[in-house]
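Breakdown of the fold
Each chain, letter by letter, is given below.
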Amino acid sequence: MSTGSAAPQAAPARGDSIDDLLARVRDGHRPDVDETERLLHAPLEVVSRDAAALRDEGLERAGRPRVITYSRKVFVPLTTLCRDRCHYCIFVDTPGQLALLRKPAYMSPEQVLTVVRQGQALGCKEALLTLGDRPEERWPEARAWLDEHGFASTIDYVAHIARLITAETGMLVHANPGVMHPAELATLRPVSPSMGMMLETTSRRLYEEPGQVHFGSPDKDPDLRLRVIDDAGAAGIPFTTGILVGIGETVRDRAESLIALRDLDDRHGHVQEVIVQNFRAKPRTAMQGAPDADMHEYLATVAVARLVFGPDMRIQVPPTSSTRASWGC
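What you are looking at is a predicted structure, and each value in this text was computed from that prediction instead of being measured. Counting from 1, residues in each chain are numbered in the order their sequence is written. Restriction of local features to residues with pLDDT of at least 70 applies here, the model being predicted, together with a cutoff of 80 or more for giving and counting side-chain atom pairs; totals for whole chains, interfaces and linings are based on all residues. The side-chain numbers reported here are obtained from all heavy atoms of the structure, hydrogens and water having been left aside.

On to the packing of aromatic side chains. In this scheme Phe, Tyr and Trp rings, the latter by its six-membered ring, pair at centre separations within 6.5 Å, and the angle between planes marks the pair as stacked below 30 degrees, edge-to-face above 60, and tilted otherwise. Per the stated rule, a full pass over the model turns up 4 aromatic pairs. One aromatic cluster in this structure is built from Tyr106, Trp145, Phe151 and Tyr157.

See the structure below:
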């Protein structure tokens, strides 16, 4: 089993100084992969200072100086079954685990509406549909549930639920159904105004090498995930994506992942938010004994993401993935 962090790496060869590179970034230069890797190795206080200035510039341009906004979403775990086997995931269950908990393979429409209305009463404006990737392609129990209820696929059921939520409550749906083909994106487009899927990493080693975190998970092929994000852009779908830090990827992998996402947004202008999420070990997972993502490296990645994407991109740091102690609170 792989550990959560890659081996320490030497900083890449220097060209101009970090101060010179940062000065060019402040003047509008967009760092390439090599420069992004150098920035990830730079002193944290230096990149954080310039990242904060860029963030503040973006907030000023948006007409809300020093004001961070968010959208209240009610969480709807439509199914916790999944065909993938990610070593760090705490979200998924097996059919046996669901049976012990006396839970169905999928939430029923009635269960979904109950949860959504509770969220609406608390001020939520969106319903976040989360689920595992194509569970019917691994688990007979998922296929049987869909057949029994008249749905051709999990995506078909997602579309039905999204339509129902808006019709019954007026709330908009943000769907995270995982890897989708262009026809499936088109199916969800009328009922889910925005969608999302984490890139996680461009590392093929983590996907292809036995024992690594994505080995045996067909939906975690980096090329496939990049294609989905590209297809979403071609379809004009506002899209949330991002990377994971501390799952065994290298610093170079992080740089390549950030630039790959920027390139896709340059092509289509559809990325509405980039999440930089840190790995934390969870019980009942293959990586439960792995170290959490190094906080210094994580903060550096957040700062460099801002330098890569510039002042106008929304960069999200999930508060649920960190403790108060880790932030020095």
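Having seen the structure, we can now continue with the description.
What follows deals with the state of the cysteines. Cysteine sulfur pairs qualify as disulfides if the two atoms are within 2.5 Å. On inspection of all chains with the given rule, the structure shows 0 disulfides. As a non-bridged cysteine, Cys82 has Cys86 as the owner of its nearest cysteine sulfur, 6.5 Å distant. For Cys82, a relative accessible area of 8% puts it in the buried group. Cys86 forms no disulfide, and the closest cysteine sulfur to it belongs to Cys89, at a distance of 6.1 Å. Whether a residue is buried, partly exposed or exposed follows from its accessible area with a 1.4 Å probe, protein chains only, as a fraction of its type maximum: under 20%, in between, or over 50%, in that order. By relative accessible area, Cys86 is classed as buried at 15%.

Before going further, it helps to examine the sheet that holds strand β6 (residues 271-278). For two strands to be treated as a pair, DSSP must find at least two bridges joining them. Secondary structure elements are defined from DSSP: runs of H or I of at least 4 residues count as helices, runs of E of at least 2 residues count as strands, and each element is numbered from the N terminus. Pairing is parallel in the open sheet, where 7 strands are placed in the order β1-β2-β3-β4-β5-β6-β7. Of all strands in the sheet, those bounded by a partner on one side alone are β1 (73-79) and β7 (315-316). Pairing of β1 with strand β2 (residues 126-131), which is carried by 6 bridges, proceeds in the parallel orientation. The residue bridging Thr79 from the neighbouring strand is Leu131, located in β2.

The relative placement of two packed helices is expressed as an angle between their axes plus a distance between the axes. Contact geometry of helix α3 (residues 44-61) with helix α12 (residues 295-309) gives a least axis separation of 8 Å together with a crossing angle of 40°. In terms of axis orientation, α3 runs oblique to α12. Of the two elements, α3 crosses α12, and the hand of that crossing is left-handed. Together, Leu44, Val47, Ser48, Asp50, Ala51, Leu54 and Arg55 of α3 and His296, Leu299, Ala300, Ala303, Arg306 and Leu307 of α12 make up the contact between the two elements. Looking at the contact of α3 with α12, its residues break down into 8 nonpolar, 2 polar and 3 charged. Between N-to-C directions, angles span 0 to 180 degrees; the directions come from axes that are lines fitted to C-alpha atoms, helices contributing only their stretch in contact. By definition in this entry, angles of less than 35 degrees are roughly parallel, angles greater than 145 are roughly antiparallel, angles of 65 to 115 are roughly perpendicular, and the rest are oblique. For a crossing to be left-handed, the near helix must be turned anticlockwise from the far one by less than a right angle; the clockwise case is right-handed. Contacts are assigned to residue pairs with any non-hydrogen atoms lying within 4.5 Å of each other. When residue character is reported, Ala, Val, Leu, Ile, Met, Phe, Trp, Tyr, Cys and Pro are called nonpolar, Asp, Glu, Lys and Arg charged, and the others, Gly included, polar.

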